[in-house]
Amino acid sequence: MTNDLKEGGIFVLNSPFKDLYEVEARLPGDMKRDIAKKNIKFYTIDATSLALNLGLGPRINMVMQSIFYNLSEVIPVNQAMELLKTSVKNVYGKKGEQVVKMNLEAVERAKENLIEIVYPKSWINAPDIIEVVEAWDPLPAEKTDFVRNIMEPVLANTGDDLPVSMFEAGGIMPVGTTRFERRGAAPEIPVWIPDNCTQCNYCAIVCPHAVIRPFLMTKKDIETGPEGFLARKAQGGAEVAGLQYSIQVATMDCTGCAVCVESCPDDALYMGPFEDYAEKNLPHYEFAYALPLLDDKVDKNTVKGSQFQQPLLEFHCACAGCGETPYVKLLTQLYGERLVIANASGCSSVWGGTATTHPYSVNKKSGRGPAWGRSLFEDNAEYGFGMLKAQEQRRTRLAAGARKIIDDRTASPELQKLLENWIKHFTNGDKCDLVCDKLLPLLEEESKTNSALQGLQEQNMMFRVQSQWLIGGDGWALDIGAAGLDHVLSSGQNINIMVLDTEMYSNTGGQSSKSTVQGAITKFEPVGREVNKKDIGFQAMQYRNVYVASCAMGADYNQSLKAIREAEAYTGVSIIVCYAPCIDWGIDMKHMMDIQKAAVDSGYWQLYRYDPRMTQQGKNPMMMDAKRIKTKLSKYLNDENRFKRLRKKKKYRTAWPLV
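Residues numbered from 1 in each chain as written. Predicted model: local features only at pLDDT ≥ 70, side-chain atom pairs only at ≥ 80, totals over all residues. Heavy atoms only, no water.

1. Examining the sheet that holds strand 1 (residues 10-14)
Argument step 1. Spatially, three strands are ordered 1-2-3 in an open sheet, and the strand pairing comes out mixed. Strand pairing shows two members of the sheet lacking a second neighbour, strand 1 and strand 3 (115-116), which therefore form its edges.
Argument step 2. As judged from the two bridges shared by strand 2 (residues 41-45) and strand 3, these two strands associate in the antiparallel manner. If you follow Y43 over to strand 3, its bridge partner there is E116.
Argument step 3. The strands touched by helix 4 (residues 61-72) within the sheet are strand 1 and strand 2, with strand 1 carrying the most contacts at an inclination of about 160 degrees. (Pairing = 2+ DSSP bridges. Helix = DSSP H or I, 4+ residues; strand = E, 2+ residues; numbered from the N terminus. Contact = heavy atoms within 4.5 Å. Axes fitted to C-alpha atoms, helices over the stretch in contact; angles between N-to-C directions.)

2. Points about helix 5 (residues 77-92)
Argument step 1. Its 16 residues place the ends of helix 5 22 Å apart at the C-alpha level, agreeing with the 22 Å of an ideal helix rising 1.5 Å per residue.
Argument step 2. For helix 5, every residue scored as buried is listed here: A80, M81, L84, K85, V88 and Y92. Along the long axis of helix 5, the arc covered by the buried residues comes to 135 degrees, so they all point the same way.
Argument step 3. Its buried side turned inward, helix 5 meets helix 4 and helix 6 (97-109). (Expected span 1.5 Å × (residues − 1). Buried < 20%, exposed > 50% of the residue type's maximum accessible area, 1.4 Å probe, protein only. Arc of directions from axis to C-beta.)

3. Let's talk about the sheet that holds strand 10 (residues 371-375)
Argument step 1. Pairing in this open sheet of eight strands is mixed, and the strands run 10-9-11-12-14-13-15-16 from one edge to the other. The open sheet has two free edges, formed respectively by strand 10 and strand 16 (622-624), since each of these has just one partner strand. Direction aside, neighbouring strands of the sheet carry axes that sit 15 degrees apart on average.
Argument step 2. With five bridges joining them, strand 11 (residues 467-473) and strand 12 (residues 496-501) adopt parallel strand pairing.

4. Here's the deal with the nonpolar core
Argument step 1. Counting residues in hydrophobic clusters, the biggest one holds 79 residues, and the most contacted among them are I497, M498 and I575.
Argument step 2. Among the elements that take part in this core, helix 13 (residues 325-335) stands out by supplying six residues, more than any other.
Argument step 3. With residues near it in sequence (within four places) discarded, I497 still touches W469, L470, W476, L485, V488, L489, V573, S574, I575 and I576.
Argument step 4. Core analysis: the next-biggest nonpolar cluster, separate from the first, contains 43 residues, A231, A250, L282 and L294 among them. (Core = buried A, V, L, I, M, F, W, Y, C linked by side-chain atoms within 4.5 Å.)

5. Description of the side chain of S513
Argument step 1. Locating S513 in the fold gives a position in the loop between strand 12 and helix 21 (536-541).
Argument step 2. By relative accessible area, S513 is classed as buried at 2%.
Argument step 3. Side chain to side chain, S513 and D474 meet in a polar contact 2.6 Å long.
Argument step 4. In this structure the side chain of S513 is engaged in a polar contact, spanning 3.0 Å, whose partner is the backbone nitrogen of S515.
Argument step 5. The contacts of S513, once residues within four sequence positions are left out, are D474, G475, D479, E503, M504, Y505 and R529. (Polar contact = N/O pair within 3.5 Å; in protein donor to acceptor, adjacent residues only side chain to side chain.)

6. Some remarks on the side chain of K32
Argument step 1. Looking at where K32 falls in the secondary structure, it is placed in helix 2 (residues 29-37).
Argument step 2. One buried charged residue, K32, forms no salt bridge at all, with the nearest opposite charge on E24 at 5.0 Å.
Argument step 3. Here the side chain of K32 touches E24 through a polar contact of 2.7 Å, landing on its backbone oxygen.
Argument step 4. Leave out the neighbours within four places in its chain, and K32 touches E24, L27, W123 and A126. (Lys, Arg positive; Asp, Glu negative; His and termini not counted. Salt bridge = Lys/Arg side-chain N within 4 Å of Asp/Glu carboxyl O.)

Below you can see the structure in the form of structure tokens.
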């Protein structure tokens, strides 16, 4: 962070540290040495707390800009402050008087909150010390060589210094590394009130980052837990009889979005200061995380039961309150151990596969998890389709080899029986897994002394059924990659598609896409989009043999879960279009799930499932899952800045009242 500072430069650190004692305890030795050698003027400011107190949430930009002009004096300070205040009025004026007032106050109060740190000369010889957080965080002991030697230098912005020889050929990187980031980025984190909790698990299904999780455990487990660990008798009938229930938060990985608190129907969560709860509660999470999974005690095909399954997407770098990630996280909880994902460029390829920090993980019990690869906007459908055809060919050859072993009787009777059962359940994921759990260890053992089995053993990764998914945003599916996607839709092949619809190009700053609705103001559409969005669901239904679903998780958790299950089970092409609120809409992301419900209740977004299998039963394949309008469309439109701005700037182009 200080590498590029010049001699006598100025360094301002946004942190809660108020004095030299706190700074000395927290700063790494190499940073102290750098500051002292370069004779740097060092300041701290708790810009995050100031912004929160002013009502700006985590937005610290005006605080830091004010500090920059006060300290740099690139132009006279008084002149800079006046220009900055004028800029605030021009930029935020359209968002209302209160927003302008809060930002002006941030500009004015920034300097009084600035603290100069007068450090000792001894910093020039400061030793390297273990981070203070490691004193109460048990995770660093689990760090792998990859984390220590590659990931941490990259996070410290020194990745360019690493030799190519340190990386694995082909660009392959280990999964589950986000667990080692420990960003501690949230000013506030959720705190559980057990006596208020009805154990619905809604907080977990809505969490974008998989940081709040329900755990099942025995009373004996709790006896070995850390001091203050909270749990209550598990509710839910015979399947959880005798078990205890606990909600735990990964405090160092939470982003503080508060979606869980807003979605809790029981007032069983509240947001507490990070400094009050992070250190105290993190050992509780780590204890629960390390316990044996009891996910098989419950039915994973329910909203509540699905959240006892280990999420195989966790702690990623998506924006706080992201509307995309809960859908993909739920997908990993249902089918993560056999997922193969082709991910298009866009937000989901960034939070899904940032270099060295990978959020897709593996199941604790099986060691299996999603296989993930990214391709470009223009060819992701082809990329994933190629994966499907390749694995089909490999499994077909594997089945032919298994039949030959059976016919020639060149394996033990037990292995032959298992191979016969495997062929019987060749396309059934759950049943095939049960067979493979017994077949694969036996095959490995017998192949050591039976050369006829070595060909099967070499292809052992192809025994289990794979669930192929194409994942990407609306910019990919409805725009740049539309031709390739249409080719897949018409193919009739057994492949699944998940479109994360933010109704704009979110990853590049909120530009208009083919999914942007008429009237919405985005970048490059300053007076509102002239034409309406493309309906990819309607387009897919024209083929009549494609399973199609339109979901909004916040409107109906169960409908989203049911759509994913039906899509995965459908033998043919399936596509799920997921309504995904985005911070670029000009909304408070803690209300992300409520916004989805309002979109459905007002008729703005439809919930439906189109299942071609219904026609074989003489039924209508189109099932509407939200049949009534419950609120006025104007209420929904007026809650989002992308529509409110049109009402204010181009009133003649609107037809709804500003109420």
